[in-house]
Protein chains: 2
Amino acid sequence: MLGLMQDQPLLISSLIEFAERHHGDAEIVSRRVEGDIHRYTYRDLAKRARQVANALNDMAVPPAARVATLAWNGYRHMELYFGVSGSGRVVHTVNPRLHPEQIAWIINHAEDQVMCFDATFLPLIKAVADKCPTVKAWIMLCDADKLPADSGIPGLQSYEAWMGAAASIYAWPVMDENTASSMCYTSGTTGNPKAALYSHRSTVLHAYAISLPDVMCLSARDAVLPVVPMFHVNAWGLPYAAALTGSKVVFPGPGMDGKSVFDLIEAEKVTFAAGVPTVWQMMLSHIQTNGLRFSSLKRTVIGGSACPPAMIHAFQNDYGVEVLHAWGMTEISPLGTLCTLKNKHLDLPAEQQMKIRLKQGRGIFGVDMKIVDGAGAELPWDGKAYGDLLVKGPWTVAGYYKGDNTNVLIQDADGRGWFPTGDVATIDADGYMQITDRSKDVIKSGGEWISSIDIENIAVAHPAVAMAACIGVFHPKWDERPILVVAKKPAAEVSREELLAFYEGKTAKWQIPDDVVFVDAIPLGATGKMLKAKLREQLADYKLPGL
Amino acid sequence: MLGLMQDQPLLISSLIEFAERHHGDAEIVSRRVEGDIHRYTYRDLAKRARQVANALNDMAVPPAARVATLAWNGYRHMELYFGVSGSGRVVHTVNPRLHPEQIAWIINHAEDQVMCFDATFLPLIKAVADKCPTVKAWIMLCDADKLPADSGIPGLQSYEAWMGAAASIYAWPVMDENTASSMCYTSGTTGNPKAALYSHRSTVLHAYAISLPDVMCLSARDAVLPVVPMFHVNAWGLPYAAALTGSKVVFPGPGMDGKSVFDLIEAEKVTFAAGVPTVWQMMLSHIQTNGLRFSSLKRTVIGGSACPPAMIHAFQNDYGVEVLHAWGMTEISPLGTLCTLKNKHLDLPAEQQMKIRLKQGRGIFGVDMKIVDGAGAELPWDGKAYGDLLVKGPWTVAGYYKGDNTNVLIQDADGRGWFPTGDVATIDADGYMQITDRSKDVIKSGGEWISSIDIENIAVAHPAVAMAACIGVFHPKWDERPILVVAKKPAAEVSREELLAFYEGKTAKWQIPDDVVFVDAIPLGATGKMLKAKLREQLADYKLPGL
């Protein structure tokens, strides 16, 4: 027997309709590529999103067609979020930090029909345009008079001329809530990028969840600054959550340096900001150097990579800003966990609270987690046992766009599919998860796992070590044993024996690397991460001593 | 094209599984009918909810069967919420304040197969048991040794013996999220009661929404006291929202007097409480009389009827507790609006903030609202125009259980169905809704509407008036004209002419009643509301002067 409740799908268009009706005069403020500050309201945004929908109709862009963006955080980008998805197309946010060849590959794989880009990225577009035959319309996010005369892009239009000509009356279509709404490619370190294809349902549920008090805690009293780019998993879903809660939105545009971000926070009385640690580090340096204070900022969420304890300390103790660790992935829309304290932690000494705050956080309702051993058996939540982290839930992917989606999930005994995150983690009795390594980097020695990150952290504490990578190499008895690959600081000296001795008392004996290999440099990826796969290739002929 | 996200239904069982895994040691504290305080954790609750599910299986209670409760707020009642719904049956919460004949009617209409009741209600059960042939099992919420020897109820079992004998291992079934999960009958003042039949989907979405910062604002740092009964629209959804957020729960049992509620708040460090105005009025008297202070309480949500300004003042100014007005209905699961301020209101003077706080509040994402005139045309949101309040959304009913569900919703031009709330309201430009009357009580005079409540509020300000009801009577030219029905205070005197003159300057001339009828008493319902339908019957032969 079914309930007798209204059958109303969860749609992205409902979010912008709600914001327009209930928070029509709440502001959207953007630092533009043009350099100035632009401000308008949800009422304006809703109207222009409808114009985007009509402009796509006028061009006969069919339902489910991909409309790409290559853009900073700003109001026009937000209009595309709602106008494209709300009208039944799929907004495809392309990461401009990728190599042009990768960008062309992604556009072709997605078969994007329209590309909307900021003026900043015109050189990039010029480099890829003739390699992207599916794109029928190139639209630069600017006024008509800012359009370059000789761009070389056939039929290039300005966004304002394009959508400005369209009608602003439009009835959002009612669709199946599982209809695809947006897509985002992972920046996979191996193989080709893969795309998560989000749905209206997953997006709206994620927006509810991330607005909760234990997550981003968003309300109509907040002014939200998404420093995290809208081309990084939809700015962690903040544009949707802001509309759901009627929060004011403040967009930084291309101005990501410490001063620009700080000035915007103060000018617009931002209460909540979210981004990766490097941005906060720059801002912290700026305010420390100039003796500044925050007058409105209450909370920041930091994700993307682990946040240094000193930074959390400084924000909280020196500036009264709460720093919350978060963890997520492109495949989880992206939020999986957020680190807020429970009631029982509130009276703990600051030092013990910090221990908790350094973890990636606890699961939100809508993300089930478990850690499993090599055989797939669930491991205890004791904060010690670590294993592969698996997740499931309505905003976790079941497969990839155009992928062979038969093997993405791991089925459990009850026939439920879990997504393997590729992370190795512990979970404590209170449900706080801590990443200890990437699955492909963990060293499996004699049935036990060794965290490569733990071993590296010890090595980089040695004064002569500039960078260290721990990788596993074949061993006939133990399957794998760890070795340490070290790049020394300029003019510094340290021997293999000195480094191995440095581990004494700092970790269990069996976890100490079997060998040290000195190299001039460790290969790094575009975002500064060590490329261990490449390192393993370079050491393909390496053999452990004595074998 | 559909998105590629996991197909995971929104189920009530997921809420309790989440609470068990992520907040296993968070407490559920209950003042019991037995008089003592009982405390355990979500881990215990989850285990016992599984036992309830197994006990129902052991009795071969089929899927979709209705399992009724007649119980106070307490842990056993919460176990039934999760055990019954989670296993695919429908939990039917019966209001013990109804007349036994109505209770019997409701049980028969719902065809309840099991009835679980608190010891308090044994006399009530004795009065109805032989009139309820569908009920196959009567279960008293007590230990086996508390069961009365000669209850007269055939096969009466104790809850502890019944569910205690069942296994605690159970895999919650995966169902369509639109499956019926619970039901609640409206206490309709006219005609037979009608039942809203909630689904897993509507319940989980409502739980997300009411936990938001702008609604109940619930987190794992809260201790929640639902004073609102679990037989009143599922205690406004708090048991579900508490599990979703990992809040501690504190149940008052039958102790609703000011002292009992206050003592519980202090002993259990309650941060958030919700209930009807009368309970808060009792508590306020208690703390004022005894010079007490709250040490932990931060917020209360007040709904069910309008809250007197003096009470909001006292809570906020004298005791530092924020009072939030809420509005809802059985048909909306129940939450429709909640009155929190927006960012732009924070700097307003207290007096202007109070004007906003006295409204019923603004819509939550998931509840669309509009006001319409007699012809169904939408009225502006200007805080002045008033009309019939219509709502729609995924936790609003589409029909009633066993009802003729073809005419419940009003279709708009776009073919979307809206539920007519039966309230007349204004909505201001910021989306704050204010109830001005019930649709059936508003007086329609010459195409204009007159709020009966406005007219009554003026009359009761006269020192001689104990109670006043304004009703519309037939008029050949104006369709309806208002008259005032007045019960005078003992030994007080006032004439028809004096009362009509009292309106001069207080309202528009055409809104002044045409006549005053003095009566000894105005008929009241069980909850103290004036029964205007009965009054109209009593005045069936009344004719306006001069007609």
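The notes below deal with the structure included here. (Residues numbered from 1 in each chain as written. Chains lettered and ligands numbered in written order. Predicted model: local features only at pLDDT ≥ 70, side-chain atom pairs only at ≥ 80, totals over all residues. Heavy atoms only, no water.)

**Quick word on the overall build of chain A**
Assigned secondary structure in chain A consists of 16 helices and 26 strands. The C-alpha radius of gyration of chain A comes to 25 Å, within 12% of the 24 Å expected for a compact globule of 547 residues. Put simply, chain A has 547 residues, and 62% of those count as buried. When contacts within chain A are restricted to residue pairs at least 6 apart in sequence, long-range pairs at least 24 apart make up 66% of them. Accessible area for chain A stands at about 20,600 Å²; split by element, carbon and sulfur atoms hold 53% of it. Mean positive and mean negative side-chain charge positions of chain A (51 and 59 charges, respectively) differ by 2 Å. (Helix = DSSP H or I, 4+ residues; strand = E, 2+ residues; numbered from the N terminus. Rg over C-alpha atoms; globule rule 2.2 N^0.38 Å. Buried < 20%, exposed > 50% of the residue type's maximum accessible area, 1.4 Å probe, protein only. Contact = heavy atoms within 4.5 Å. Areas by Shrake-Rupley, 256 points an atom, 1.4 Å probe, with all protein chains shown as cover. Lys, Arg positive; Asp, Glu negative; His and termini not counted. Charge placed at Lys NZ, Arg CZ, Asp CG, Glu CD.)

**Things to note about the side chain of Ser452 of chain B**
Residue and element names in this part refer to chain B. Its location among the elements puts Ser452 in helix 14 (residues 452-459). The class of Ser452 is buried, set by a relative accessible area of 0%. When sequence neighbours within four positions are dropped, the list of residues in contact with Ser452 reads Asp437, Asp441, Ile443, Cys470 and Lys532.

**Describing the relation of the copies chain B and chain A**
Structural alignment of chain B on chain A gives an RMSD of 0.1 Å, achieved by rotating through 180 degrees and translating 0.0 Å along the axis. The transformation relating the two chain copies, once decomposed into turn and shift, fits a two-fold axis. Using C-alpha coordinates, one finds that chain B approaches the rotation axis most closely at Leu212 of chain B, a distance of 2.5 Å. When the interface residues of chain B are mapped onto chain A, 100% of them again lie at the interface, so the same face is used by both copies. (Least-squares fit on C-alpha atoms with pLDDT ≥ 70 in both.)

**As for the interface of chain B and chain A**
Between chain B and chain A, the residue contacts involve 78 residues of the former and 78 residues of the latter. Buried surface at the junction of chain B and chain A, both sides included, amounts to about 6,400 Å², of which 57% is carbon and sulfur. At the boundary of chain B with chain A, the tally comes to eight salt bridges. Counting across the chain B and chain A interface gives 40 residue pairs in polar contact (both at pLDDT 80 or more). Broken down by secondary-structure element, the contributors of at least two residues to the side of chain B that touches chain A are helix 1 (12-22), strand 9 (195-199), helix 7 (200-210), helix 9 (238-245), strand 16 (361-363), strand 17 (368-372), strand 18 (387-392) and strand 20 (417-427) of chain B. Here the side of chain B that touches chain A gets six residues from one element, more than from any other, and that element is helix 7 of chain B. For the side of chain B that touches chain A, the class distribution of residues is 39 nonpolar, 23 polar and 16 charged. (Buried area = accessible area lost by both parts, 1.4 Å probe. Salt bridge = Lys/Arg side-chain N within 4 Å of Asp/Glu carboxyl O. Polar contact = N/O pair within 3.5 Å; in protein donor to acceptor, adjacent residues only side chain to side chain. Nonpolar A, V, L, I, M, F, W, Y, C, P; charged D, E, K, R; others polar.)

**Regarding the nonpolar core**
Among the nonpolar cores identified, the biggest contains 153 residues, and Phe82 of chain A together with Phe82 of chain B are the most heavily contacted of them. Once residues lying within four places of it in the same chain are set aside, the contact partners of Phe82 of chain A are Ile12, Leu15, Ile16, Leu45, Ala49, Ser87, Trp172, Pro239, Tyr240 and Ala243 of chain A. (Core = buried A, V, L, I, M, F, W, Y, C linked by side-chain atoms within 4.5 Å.)

**Section: the pattern of salt bridges**
Residue and element names in this part refer to chain A. As enumerated under the stated definition, the model contains 71 salt bridges over all chains in all. One salt bridge connects Arg76 with Glu160, and the closest N-O pair in it is separated by 2.9 Å. With Arg76 in helix 3 (residues 75-86) and Glu160 in helix 6 (residues 159-164), the pair connects residues that are 84 residues apart, well separated along the chain. This pair shows no difference in class: Arg76 is buried, exactly as Glu160 is. Residue Lys402 is joined to Glu111 by a salt bridge in which the shortest nitrogen-to-oxygen separation is 2.6 Å. Of this pair, Lys402 sits in the loop between strand 18 (387-392) and strand 19 (410-411) while Glu111 sits in the loop between helix 4 (100-110) and strand 5 (114-117), placing them 291 residues apart in sequence. You can call Lys402 partly exposed: its relative accessible area is 46%.

**So, the packing of aromatic side chains**
Scanning the entire structure with this criterion turns up 27 aromatic pairs over all chains. Joined through ring pairs, the aromatic side chains of Phe18, Tyr208 and Phe365 of chain A together with Phe18, Tyr208 and Phe365 of chain B make up one cluster. Positioned over the ring face of Phe518 of chain B is Lys488 of chain B, at 4.5 Å from the centre of the ring. Lying across the ring of Phe502 of chain B, Lys506 of chain B places its NZ or CZ 3.7 Å from the centre. (Phe/Tyr/Trp six-rings, centres within 6.5 Å; stacked < 30°, edge-to-face > 60°. Lys NZ or Arg CZ within 6 Å of the ring centre and 35° of its normal.)

**Here's the deal with the sheet that holds strand 4 (residues 90-93) of chain A**
All names here are of chain A. Strands sit in the order 7-6-5-3-4-8-9 across an open sheet of seven strands; the sheet is mixed. Where the open sheet ends on each side, the last strands, each with one partner, are strand 7 (157-158) and strand 9 (195-199). Bridging between strand 8 (residues 180-185) and strand 9 involves five bridges; their strand directions are antiparallel. Bridge pairing in strand 9 links Cys184 to Ala196. Across the face of the sheet, helix 7 (residues 200-210) comes into contact with strand 8 and strand 9 while running at roughly 80 degrees to strand 9. (Pairing = 2+ DSSP bridges. Axes fitted to C-alpha atoms, helices over the stretch in contact; angles between N-to-C directions.)

**Looking at the packing of helix 3 (residues 75-86) of chain B against helix 9 of chain B**
Residues and elements named next belong to chain B. Orientation of helix 3 relative to helix 9, taken along the N-to-C sense of each, is 80 degrees, at an axis distance of 11 Å. With respect to their mutual orientation, helix 3 and helix 9 come out roughly perpendicular. Of the residues in helix 9, those in contact with Met78, Tyr81 and Phe82 of helix 3 are Pro239, Tyr240 and Ala243. (Parallel < 35°, antiparallel > 145°, perpendicular 65-115°, else oblique.)

**Looking at the side chain of Thr245 of chain A**
Here Thr245 of chain A lies in helix 9 (residues 238-245). Beyond its immediate stretch of four places on either side in the chain, Thr245 of chain A contacts His23, Ser211, Leu218, Ser219 and Ala220 of chain A together with Asp214 of chain B.

**Brief notes about the pairing of strand 9 of chain B**
Here strand 9 of chain B lies mainly inside the structure; five of its five residues are buried. Of the two faces of strand 9 of chain B, the one holding Ala195, Leu197 and Ser199 of chain B and the one holding Ala196 and Tyr198 of chain B are both buried throughout.

**Quick word on the sheet that holds strand 4 (residues 90-93) of chain B**
Residues and elements named next belong to chain B. The strand order across the open sheet formed by seven strands is 7-6-5-3-4-8-9, and the pairing between neighbours is mixed. Both outer strands of the open sheet, strand 7 (157-158) and strand 9, are each paired with one neighbouring strand and no more. Across the face of the sheet, helix 3 comes into contact with strand 3 (66-70), strand 4, strand 5 (114-117) and strand 8 (180-185) while running at roughly 145 degrees to strand 4.

**Some thoughts on helix 12 (residues 309-319) of chain B**
Residue and element names in this part refer to chain B. Buried within helix 12 are the following residues: Met311, Ile312, Ala314, Phe315 and Tyr319. The arc that holds the buried residues of helix 12, viewed along the axis, is 160 degrees, so those residues lie on one side. Exposed positions of helix 12 whose direction lies more than 90 degrees from the buried face are Ala310 and Asn317. Buried residues along helix 12 sit against helix 11 (277-290), strand 13 (299-302), strand 14 (322-328) and helix 13 (350-357). (Arc of directions from axis to C-beta.)

**A look at the environment of Ser87 of chain B**
All names here are of chain B. Within the secondary structure layout, Ser87 lies in the loop between helix 3 and strand 4. The exposure class of Ser87 is buried, given its relative accessible area of 9%. Ser87 sits 38 residues away from Ala49 along the chain, and the two C-alpha atoms are 9.3 Å apart. If near-sequence neighbours (up to four positions away) are discounted, Ser87 is found in contact with Ala53, Leu56, Phe82, Tyr170, Trp172 and Pro173. Only 2.8 Å separates the side chain of Ser87 from the backbone oxygen of Gly83, close enough to count as a polar contact.

What is shown is where atoms sit, not what they do.
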